Amino acid sequence: MQKKSNRRTLAYVLFALLLLSAVFYAIQPYLNKKPDIPTPPKTETPRPNIPQIKVPDFNPDSAFLFVKKQVDFGPRAPNTPAHQKCAAWLVKEFKRYGFVVIEQKLQAPYYKGGTFNGVNIIAQYKPELQKRILIAAHWDSRNEADKDTKDVNKPIDGADDGASGVGILLELARTLHNNPMDMGVDLICFDLEDNGDDKGAQDTWCLGSQYWAKNLHRPNYSPYSAILLDLVGAKGARFYKEGFSRDVAPQTVEKVWNKAHSLGYGEYFVHENRGPITDDHLFVIRGAQIPMIDIISTPNEGDHPFGAHHHTHNDNINIIDKKVLKAVGQTMTAVIYETYNGVL
Ligand code: 1BN
Ligand code: ZN
């Protein structure tokens, strides 16, 4: 009798345990359920809300004075006192506008014999910032006027060929000083560009940029855009889409030409392709693998692809047209500030 009731009790206990575990498993999902808040979809880190900056006006009168000042030193032919004095003034000017300047000294062989002493002037706006734009020009002038009919052995002023591009760089430096923004800009004045052999080897030209491309001023330098200015100040200037530029940086070319058109400078920036030109950008492309474009005037005046004044004594201050400086300078100003604004 006692045995029977024990068995019944055991059966009840087992049944109760079975029931309890069934109930426990049945309510398990509800016990673990988190509150019903939808999980947000995964997104990239949002771009911080940077305040947009209005593109400043580029002042062509000031740019013209920067061109004139360089010319007033006398021809900036390598190994001359004028060349040295102009270099010292350029360094001082960029520093005046708050730039951190590197004077990159170099020596290179002159194809006619001897050695050129050169200096690339590297002016850095906010060197601590990673995102950067590079705009360059050459600051030396040719030590002969080999396309002239007289005084062919005398150096030229190079108001257009050299000083115009540097004049625009200086005005960009002044503009950045007066209109600060948080993106890096490197303005490089290459030396020893213009004393090569017109009938000889390509690498007799652009000695400063060849050196810089092998001795970059920043490790792993990879600017967002890289633009060279050459022959950017003469009356009748015409800028076509140059061959090497189109090969390596077609998007930069389109960006610049479209921007120039939208600003009303379509007269100068022509939507037409032209062939490749040996210039500093070629050595930057080949030596440093930086896709640099060249804005260079090739108005094709008769037998003179670079204009009748090119490598003659007519390349003096009288050839400079403020309207051309404005077209190129304003386009560069827009490229800088609109890249910062994130719209270019
Ligand atoms: C541009 C202005 N160049 C010289 N003055 C570069 C160049 C070098 C153009 C060789 C053609 C031939
Ligand atoms: Zn030249």
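Student: Is there a simple way to explain the pairing of strand 1 (residues 100–109) in this structure?
Tutor: Along a regular strand, successive side chains alternate from one face of the sheet to the other. Sheet topology note: the strand 1/strand 2 (residues 115–125) ladder contains 10 bridges and is antiparallel. The residue bridging Ile102 from the neighbouring strand is Ile122, located in strand 2. Counting the residues that bridge the hairpin from strand 1 to strand 2 gives 5 residues, and of these Gly113 lies at a positive phi of roughly 120 degrees.

Student: Looking at this structure, I do not really get the environment of Val270. What am I missing?
Tutor: Structurally, Val270 is set in strand 7 (residues 269–273). For Val270, a count of 16 C-beta atoms within 10 Å translates into the label partly exposed. The residues contacting Val270, other than those within four sequence positions of it, are Arg238, Phe239 and Tyr240.

Student: In this structure, what is going on with the sheet that holds strand 3 (residues 132–138)? I would like to understand it.
Tutor: Strands pair in a sheet through their backbones, by hydrogen bonds, and they do so in one of two ways: parallel or antiparallel. Spatial ordering of the open sheet is given by 1-2-4-3-5-8, a layout of 6 strands whose pairing is mixed. With one partner strand each, in any of the chains shown, strand 1 and strand 8 (292–296) form the two edges of the open sheet. Taken pair by pair, the neighbouring strands of this sheet meet at an average axis angle of 20 degrees, ignoring direction. Direction of pairing for strand 5 (residues 225–230) relative to strand 8: parallel, over a ladder of 5 bridges. Counterpart to Leu228 in the pairing with strand 8 is Asp294.

Student: Even after reading the chapter, I still don't get the nonpolar core, so can you show me in this structure?
Tutor: Within soluble globular proteins, side chains that are nonpolar generally end up buried alongside one another. Ile135 and Leu169 are the most contacted members of the largest nonpolar core, which has 86 residues in total. By residue number, the principal contributor to this core is helix 9 (residues 322–341), which donates 10 residues. Apart from residues lying up to four places away in sequence, Leu169 is in contact with Ile135, Ala137, Leu187 and Cys189.

Student: I tried to follow unusual backbone geometry on my own but got confused; where do I start?
Tutor: A negative phi holds for most residues other than glycine; trans holds for most peptide bonds. Located in the positive-phi region is Asn79, a residue other than glycine, with phi close to 65 degrees. Mapped onto the fold, Asn79 is located in the loop between helix 2 (60–72) and helix 3 (81–96). A positive phi angle is found at Lys126, which is not glycine, with a value near 50 degrees. Tracing the sequence through the fold places Lys126 in the loop between strand 2 and strand 3.

Student: How should I be thinking about the packing of helix 7 (residues 250–262) against helix 9 in this particular structure?
Tutor: Each pair of packed helices gets described by two things: the angle between the helix axes and the distance between those axes. Relative orientation of the contacting elements helix 7 and helix 9 amounts to 115 degrees, with a least axis distance of 9 Å. The two elements helix 7 and helix 9 cross, and the hand of that crossing is right-handed. Of the residues in helix 9, those in contact with Val256, Lys259 and Ala260 of helix 7 are Ala327, Thr331, Ala334 and Val335. Its residues placed into classes, the contact of helix 7 with helix 9 shows 5 nonpolar, 1 polar and 1 charged.

Student: I keep staring at the site of ligand 1 and nothing clicks. Help me out?
Tutor: Around ligand 1, the neighbouring residues are Asp161, Asp194, Gly196, Trp205, Asp230, Leu231, Ile277, Thr278 and Asp279. Classifying every residue of the shell around ligand 1 by side-chain character gives 3 nonpolar, 2 polar and 4 charged.

Student: Is there a simple way to think about helix 3 in this case?
Tutor: Three or four residues apart is the spacing at which side chains of an α-helix point the same way, because the helix has 3.6 residues per turn. Under the 1.5 Å per step criterion, the end-to-end length of helix 3 is 23 Å for 16 residues, consistent within 8% with the ideal 22 Å. Each element contacted by the buried residues of helix 3 is listed here: helix 2, strand 1, strand 2, helix 4 (159–178) and strand 4 (184–190). In the segment just after helix 3, Gly98 is the residue with positive phi, at about 85 degrees.

Student: I tried to follow the pairing of strand 4 on my own but got confused; where do I start?
Tutor: With respect to burial, strand 4 is a largely interior element, 7 of its 7 residues being buried. Neither face of strand 4 is open: one carries Gly184, Asp186, Ile188 and Phe190, the other Val185, Leu187 and Cys189, and all of them are buried. Pairing analysis gives 5 bridges linking strand 2 to strand 4, with the strands arranged antiparallel. For Ile121, the partnering residue across the bridge sits in strand 4 and is Cys189. The sheet contact formed by strand 3 and strand 4 spans 7 bridges and is parallel. Paired with Ile133 across the bridge in strand 4 is Val185. Tracing the backbone out of strand 3, into helix 4 and back to the parallel element strand 4 gives a crossover that is right-handed.

Student: Even after reading the chapter, I still don't get the environment of Tyr340, so can you show me in this structure?
Tutor: Turning to its location among the elements, Tyr340 is positioned in helix 9. By C-beta crowding, Tyr340 is classed as buried, having 21 other C-beta atoms within 10 Å. For Tyr340 and Ile53, which are 287 residues apart along the polypeptide, the C-alpha to C-alpha distance reads 8.3 Å.

Student: Any chance you could explain the confidence of the model for the chain here in plain terms?
Tutor: In low-pLDDT segments, the atomic positions of the prediction should not be examined closely. Summing up the model confidence of the chain, the mean pLDDT is 91 and the portion of residues at 70 or higher is 86%. Within the model, pLDDT remains below 50 along residues 21–47, and this stretch shows 0 contacts once partners closer than five positions in the same chain are excluded.

Student: Looking at this model, I keep getting lost on the packing of helix 2 against helix 9. Mind explaining?
Tutor: It is at 9 Å that the axes of helix 2 and helix 9 come closest, and there the two elements cross at 110 degrees. Classified by the angle their axes make, helix 2 and helix 9 are roughly perpendicular. Along the contact surface, helix 2 presents Pro60, Asp61, Ala63 and Phe64, while helix 9 presents Lys322, Leu325, Lys326 and Gly329. Split by residue class, the contact of helix 2 with helix 9 holds 4 nonpolar, 1 polar and 3 charged.

Each value, and the rule that gives it
Residues numbered from 1 in each chain as written. Chains lettered and ligands numbered in written order. Predicted model: local features only at pLDDT ≥ 70, side-chain atom pairs only at ≥ 80, totals over all residues. Pairing = 2+ DSSP bridges. Helix = DSSP H or I, 4+ residues; strand = E, 2+ residues; numbered from the N terminus. Buried ≥ 20, exposed ≤ 12 C-beta atoms within 10 Å, placed from the backbone. Contact = placed C-beta atoms within 7 Å. Axes fitted to C-alpha atoms, helices over the stretch in contact; angles between N-to-C directions. Core = buried A, V, L, I, M, F, W, Y, C linked by C-beta atoms within 7 Å. Left-handed = near helix turned anticlockwise from the far one by under 90°. Nonpolar A, V, L, I, M, F, W, Y, C, P; charged D, E, K, R; others polar. Near = placed C-beta within 6 Å. Expected span 1.5 Å × (residues − 1). Right-handed = clockwise from strand over helix to strand, strands pointing away. pLDDT = per-residue confidence, 0-100. Parallel < 35°, antiparallel > 145°, perpendicular 65-115°, else oblique.

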